[in-house]
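Single-letter residue listing:
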Amino acid sequence: MTSTESVGLLRVLIVYERPSAHRVVCHARCISPHQGVFLGDSVLPVDSSPGAVIPPARVVRMHRPPYGEFTELPPVWSALVELEGPDLSWVQPNANLRVVPPTTGTEQERAG
């Protein structure tokens, strides 16, 4: 799997806060039927082309009471998700985000 292939979908349900121009805290659901979302994954708007100049956001925190913090958001689960990136103006309620793995090769860890 290459770093540009989609590995999942994340739907933004609520945007709670934008503590800075580079950080968004939202409530999101993994809407992929078979693939979870992992810490460190990058997200882009689902309608962006692979060569788009939109800088991706990175998943930096996932939290769900009573479970606390975790590293994978399984399919159909929802949680507080914190995203970080250079321009997050495209992260809006009801937005569908395409999730791609980080370029630093955790693909083998996920497959194994």
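For clarity, every value in this text was computed on a predicted model and none was experimentally measured. (Residues numbered from 1 in each chain as written. Predicted model: local features only at pLDDT ≥ 70, side-chain atom pairs only at ≥ 80, totals over all residues. Heavy atoms only, no water.)

Q: Please provide a residue-by-residue account of the overall build of the protein chain, values included.
A: Helices and strands together make up the secondary structure of the protein chain, namely 1 helix and 9 strands. Seen in sequence order, the protein chain has helices and strands lined up from the N terminus as β-β-β-β-β-β-β-β-β-α. Within the protein chain, the proportion of its 112 residues that are buried is 39%. Of the roughly 6200 Å² that the protein chain leaves accessible, carbon and sulfur atoms contribute 55%. (Helix = DSSP H or I, 4+ residues; strand = E, 2+ residues; numbered from the N terminus. Buried < 20%, exposed > 50% of the residue type's maximum accessible area, 1.4 Å probe, protein only. Areas by Shrake-Rupley, 256 points an atom, 1.4 Å probe, with all protein chains shown as cover.)

Q: I'd love a proper account of the pattern of salt bridges, names of residues and values included.
A: With the rule as written, the count across this model stands at 4 salt bridges. The salt bridge partner of Glu-84 is Arg-58, with a shortest N-O separation of 3.0 Å. Residue Glu-84 is located in strand E8 (residues 78-84), and its partner Arg-58 is located in strand E5 (residues 57-64); the two are separated by 26 residues in the primary sequence. Arg-58 sits in the partly exposed class, given a relative accessible area of 38%. Among the ionic contacts, a cluster of salt bridges with common partners joins Arg-23, Arg-58, Glu-82 and Glu-84. (Salt bridge = Lys/Arg side-chain N within 4 Å of Asp/Glu carboxyl O.)

Q: Outline the side chain of Ser-32, supporting the account with residue identities and numerical values.
A: With respect to the helices, strands and loops of the structure, Ser-32 is situated in the loop between strand E2 (23-30) and strand E3 (37-38). Only 2.5 Å separates the side chain of Ser-32 from the backbone nitrogen of Leu-9, close enough to count as a polar contact. (Polar contact = N/O pair within 3.5 Å; in protein donor to acceptor, adjacent residues only side chain to side chain.)

Q: If you had to explain the environment of Phe-70 to someone new, which residues and values would you point to?
A: Relative to the assigned elements, Phe-70 resides in the loop between strand E6 (68-69) and strand E7 (72-73). The class of Phe-70 is buried, set by a relative accessible area of 15%. Sequence separation between Phe-70 and Phe-38 is 32 residues; the distance between their C-alpha atoms is 8.9 Å. Not counting residues within four places of it along the chain, the set of residues in contact with Phe-70 comprises Leu-39, Met-62, His-63, Arg-64 and Ala-79. (Contact = heavy atoms within 4.5 Å.)

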